[in-house]
2 protein chains.
Amino acid sequence: MAVSRRTSRDIRSESRLDVLHVLLSQGETTRNEIARTTGLSPATVATVVGELLVEGIVVETKVTVGRIGRPTATLAMNPDRGRVVGIDVAETYVRAELFDTALTQIALVDVERDEHLLDPDSVVEAIGSALDRVLEQGGVDRRDVLGVGVSLPGLVQAPAGVSVLVPNWTWHTVELDRLRERVGLPLVIDNPLKVIATAELWLGRGRSHSSLVTVNLGTGVGAAIVLEGRILRGATNLAGEWGHSLLALDGRGCRCGRRGCVEAYVGAPGIRQTLREIAPDHPLLALDSQRDFIEAMAGAADGPEHDAAVDGTIARTAWYLGSALADLVAVVNPEVVTLTGWTAWALGDRLLPATREHLRDQAPGTAGADVELGVSTIGGSTVSTGIAVIALERFLADAGLLTSRTPIAL
Amino acid sequence: MAVSRRTSRDIRSESRLDVLHVLLSQGETTRNEIARTTGLSPATVATVVGELLVEGIVVETKVTVGRIGRPTATLAMNPDRGRVVGIDVAETYVRAELFDTALTQIALVDVERDEHLLDPDSVVEAIGSALDRVLEQGGVDRRDVLGVGVSLPGLVQAPAGVSVLVPNWTWHTVELDRLRERVGLPLVIDNPLKVIATAELWLGRGRSHSSLVTVNLGTGVGAAIVLEGRILRGATNLAGEWGHSLLALDGRGCRCGRRGCVEAYVGAPGIRQTLREIAPDHPLLALDSQRDFIEAMAGAADGPEHDAAVDGTIARTAWYLGSALADLVAVVNPEVVTLTGWTAWALGDRLLPATREHLRDQAPGTAGADVELGVSTIGGSTVSTGIAVIALERFLADAGLLTSRTPIAL
Ligand SMILES: [Zn+2]
Ligand SMILES: [Zn+2]
């Protein structure tokens, strides 16, 4: 018989993770407060806090002496333990954020990118120079950086011979080697969806539900599935690739090579394709950038003149999205689904009513009616924050404080 | 902030569950062996075993005194703690199995059912009389029965106002009340897929992998998703309803009311429909029972005469199945997928090679190539065993030994 899934080492690691979550989301707190919030015993909390104090991860900020009982120490993350950097590589920009170990932002750099320039050299160089500039802006010595996280769009596949499979990119192991060399610091990579979900978990959002799915709607489409406070990564970090599950057998071609994927219908190019099918000569089709197109769609829908082709496209997109979400709900049956990404922010309010209806009609039993569906209030910067959190998580794992099965280090 | 997901009570419960898994799968074992297998500390194992001894769940069967060191006690489940019954309600039969608390079978009763007779009265009565007969056959007093589990096809939805949504059945809360009254003993219900997965977990199969999906292919189609040794139930026990996720938008009508579900293509009636599309006058279409039809398909495929329509149907079914499995793999990214149910047993060997190829081609990255896909070696009786295990699990939960978020008690 194989080894059991959960060792006492894992349980200690989970206790530490719970304590760190509280410290990061509360700012300042006490041992009693941590015990109350986590459900851990006071003895366990005392042990864990002791370990984190020894490692310099946590500091006692003040001690209050009450009239009776023992003095109470206020605890916080130690901001000066080191620095972490989170880099969000999107189709159109690279954003680098520098944080202290309490996850307070120290510096931020945005580098615009030509979305058609996808060769490894220019991507690696954009990442490298964003890193250099954010460190310079923050006045930080590279020796103080505990880790750098890079969020790359597309599939980030584990294990051995980690590969990044970005549709239209032609990345191979050699590019990752080049990236590691250019960064020259402890490096983790992951994809934006898992990164957003990590940010929600660590920074306190989404902790009120035991199951939550974050759905990203942009050029690409995907889902991050959070179960019992942990991101479902799957055997090779590919869980959540709902964007490349089928909506229509033998349907529209998808940039992944498959036909009929969800992404080919509800990704920005898919929405453009729907408009093209309804009105082949529509003026919005002339817009070059995906994001400009989606924002112009939202503008047209809200504008004073009724545009039947735009309304029809939104109605069809809601049908596609509701049907595809019904599949996700059928398989995972989560409590909450939040939509994120710029398509969700631009068109979410227009899409939601009909999407909810289709979801309710098509999901099994009352699962579609029971699920809480809404647009996430999280902004774009969450990706750089989230990947910095993953870099911090990796550092803690390397220090032996977490049994990390999660972040992919290069 | 909400309460944390994992309390120390849950951790104690998981330790007990781990110990019980070892006891059930090993038969006889020792404290040291349990510690080695589970990864729990010897102190934790000693505590847990002590609690189980006090409750009479476990007994010491013999004590071996070595030349040095302390005497070693052999431990086993206490078969005489009570009796549990598992009842498998399928379209065509009802099977009741009686077990002792070490899960050794004491008696077995099979009752044939007319698959067209789906009214609540006849189903409740078939369950009730199967129960009566198995207790009689086993010479067991009803007062010694700790619990009865009933596996019902279709959706078994939680919580409050648990409902059973069987396609074509018209079950409501009132039928469940009637069922509870007829059984007159502590009762749990679940659907066959979750039951099969539970049996795999408790009885030692599937414990070598941290993520596993069991796919059922019969009249109905569904999946049970096992992650880190636990069945994914979802917010309302509906997780795994992959059979009613889309294969083809606006495709074939499904008995759930939706169009284009996976089940409408790879369920037995769906396979029949494919043959009808290829050869509308094929003689096998005259067979009335779904199961006879599938077995005749297997016979024709293996027969001496080449039947192009049957071969074509199998090829198309493999394409449908591979595509649908690619979706499941895209979302969950499991290590292992096993096919079960009578369609899998009859046609699995014929379907597998092409299904594997389609899965490999269509799943993201190398997830389709990495997943271990095969036909399960588990036979039909696993459903009655599995639901008996769930009844036992519920009894242990009621005794305060497990924090059971899982079985649905009526
Ligand atoms: Zn695709
Ligand atoms: Zn269906």
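The sections below set out a description of the structure shown in this document.

Each value, and the rule that gives it
- Residues numbered from 1 in each chain as written.
- Chains lettered and ligands numbered in written order.
- Predicted model: local features only at pLDDT ≥ 70, side-chain atom pairs only at ≥ 80, totals over all residues.
- Heavy atoms only, no water.
- Donors = N, O, S within 2.8 Å, 3.2 Å for Na, K, Ca; no water.
- Tetrahedral: all angles 85-135°; square planar, octahedral: opposite > 155°, others 65-115°.
- Buried < 20%, exposed > 50% of the residue type's maximum accessible area, 1.4 Å probe, protein only.
- Salt bridge = Lys/Arg side-chain N within 4 Å of Asp/Glu carboxyl O.
- Helix = DSSP H or I, 4+ residues; strand = E, 2+ residues; numbered from the N terminus.
- Expected span 1.5 Å × (residues − 1).
- Polar contact = N/O pair within 3.5 Å; in protein donor to acceptor, adjacent residues only side chain to side chain.
- Contact = heavy atoms within 4.5 Å.
- Pairing = 2+ DSSP bridges.
- Axes fitted to C-alpha atoms, helices over the stretch in contact; angles between N-to-C directions.
- 1 Å grid on protein atoms, 1.4 Å probe; cavity = no way out; pocket = protein on both sides within 12 Å on 5 of 7 lines; lining within 4 Å.
- Points joined across faces, edges and corners; volume = space filled by probe spheres on them.
- Core = buried A, V, L, I, M, F, W, Y, C linked by side-chain atoms within 4.5 Å.

Geometry sets the ideal angles at a metal, namely 109.5 degrees for four tetrahedral donors and 90 or 180 degrees for six octahedral donors. Residues and elements named next belong to chain B. At 2.0 to 2.3 Å from the zinc ion (ligand 2) lie its protein donor atoms, namely His244 (ND1), Cys254 (SG), Cys256 (SG) and Cys261 (SG). For the zinc ion (ligand 2), the 4 donor atoms in the first shell make angles of 104 to 121° at the metal, so the coordination geometry reads as tetrahedral. Counting gaps between the donor residues of the zinc ion (ligand 2) yields the pattern H-x9-C-x1-C-x4-C. A single burial state applies to Cys254 and to Cys261, both of which are buried.

Residues and elements named next belong to chain A. Tallied over the full model, the rule gives 40 salt bridges over all chains. Two residues, Arg16 and Glu51, come together in a salt bridge whose shortest N-O distance is 2.7 Å. Taken together, the positions of Arg16 in helix α1 (residues 8-26) and Glu51 in helix α3 (residues 42-54) put the pair 35 residues apart, joining distant regions of the chain. Owing to a relative accessible area of 9%, Arg16 belongs among the buried residues under this scheme. Residue classification places Glu51 among the partly exposed residues on the basis of a relative accessible area of 25%. Residues Arg180 and Asp177 are paired through a salt bridge, measuring 2.8 Å at the closest nitrogen-oxygen approach. Residue Arg180 and its partner Asp177 are both found in helix α5 (residues 173-183); the two are separated by 3 residues, about one turn of the helix. Overall, the relative accessible area of 33% leaves Asp177 in the partly exposed class. Shared partners join several salt bridges into a network, and the residues in it are Glu125, Asp132, Arg142 and Arg182.

What follows concerns helix α4 (residues 120-138) of chain B. Helical periodicity: at 3.6 residues per turn, an α-helix aligns residues three or four positions apart in one direction. All names here are of chain B. For α4, with 19 residues, the first-to-last C-alpha span of 27 Å sits near the 27 Å given by 1.5 Å per residue. When we look at burial in α4, the residues that qualify are Pro120, Ser122, Val123, Val124, Ala126, Ile127, Gly128, Ala130, Leu131, Val134 and Leu135. After α4 finishes, the residue Gly139 shows a positive phi value of roughly 60°.

On to the coordination of the zinc ion (ligand 1). Residue and element names in this part refer to chain A. Coordination of the zinc ion (ligand 1) by the protein involves His244 (ND1), Cys254 (SG), Cys256 (SG) and Cys261 (SG), with metal-donor separations of 2.0 to 2.3 Å. The site at the zinc ion (ligand 1) holds 4 donor atoms, and with the angles between them running 104 to 121°, its shape is tetrahedral. Since its relative accessible area comes to 0%, Cys261 is described here as buried.

Okay, the side chain of Arg95(A) next. Residue and element names in this part refer to chain A. Inspection of the secondary structure puts Arg95 in strand β4 (residues 93-100). In this structure Arg95 comes out as buried when scored by relative accessible area, which is 19%. Of the polar contacts made by the side chain of Arg95, one reaches the side chain of Asp110; its length is 2.8 Å. Arg95 has contacts with Gly86, Ile87, Asp88, Leu108, Val109, Asp110, Ser381 and Ser384, leaving out every residue within four places of it along the chain.

For the rest of this paragraph, the subject is the sheet that holds strand β13 (residues 336-340) of chain A. Residue and element names in this part refer to chain A. Spatial ordering of the open sheet is given by β12-β11-β10-β13-β14, a layout of 5 strands whose pairing is mixed. Two strands close off the open sheet at either side, each with one partner strand: β12 (230-231) and β14 (372-375). With 5 bridges joining them, strand β10 (residues 211-217) and β13 adopt parallel strand pairing. Its bridge partner being in β13, Val213 is matched across the sheet by Val337.

Residues and elements named next belong to chain B. Taken in spatial order, the 5 strands line up as β13-β12-β11-β14-β15 in an open sheet, and their pairing is mixed. Of all the strands in the sheet, just β13 (230-231) and β15 (372-375) have a single pairing partner and so form its edges. Lying over the sheet, helix α6 (residues 192-202) contacts β11 (211-217), β12 (221-227), β13 and β14 (336-340), oriented at roughly 35° with respect to β12.

Looking now at empty space enclosed by the protein. Under the counting rule described, the total for this entry stands at 2 cavities of 30 Å³ or more. Counted as a void, the largest cavity has a volume near 80 Å³. Every residue lining the largest cavity is listed: Trp242(A), Ser245(A), Asp327(A), Leu328(A), Val331(A), Trp242(B), Ser245(B), Asp327(B), Leu328(B) and Val331(B). Secondary-structure elements contributing two or more residues to the lining of the largest cavity are α10 (308-332) of chain A together with α10 (308-332) of chain B.

Here the focus is the pairing of strand β2 (residues 72-77) of chain A. Residues and elements named next belong to chain A. Within β2, 5 of the 6 residues are buried, which leaves the element mostly enclosed by the surrounding structure. Where strand β1 (residues 58-64) meets β2, 6 bridges bridge the pair, whose relative direction is antiparallel. Paired with Val58 across the two strands is Met77, which belongs to β2.

This part covers the nonpolar core. One finds Trp242(A) and Trp242(B) to be the most contacted residues of the largest nonpolar core, which totals 114 residues. Beyond its immediate sequence surroundings of up to four residues, Trp242(B) is in contact with Ala330(A), Val331(A), Val215(B), Val221(B), Gly222(B), Ala223(B), Val262(B), Leu321(B), Ala324(B), Leu325(B) and Leu328(B).

Along the polypeptide, Trp319(A) turns up in helix α10. A relative accessible area of 25% places Trp319(A) in the partly exposed class. It is 28 Å that separates the C-alpha atoms of Trp319(A) and Val195(A), two residues lying 124 residues apart in sequence. When sequence neighbours within four positions are dropped, the list of residues in contact with Trp319(A) reads His358(A), Gln362(A), Leu249(B) and Asp250(B).

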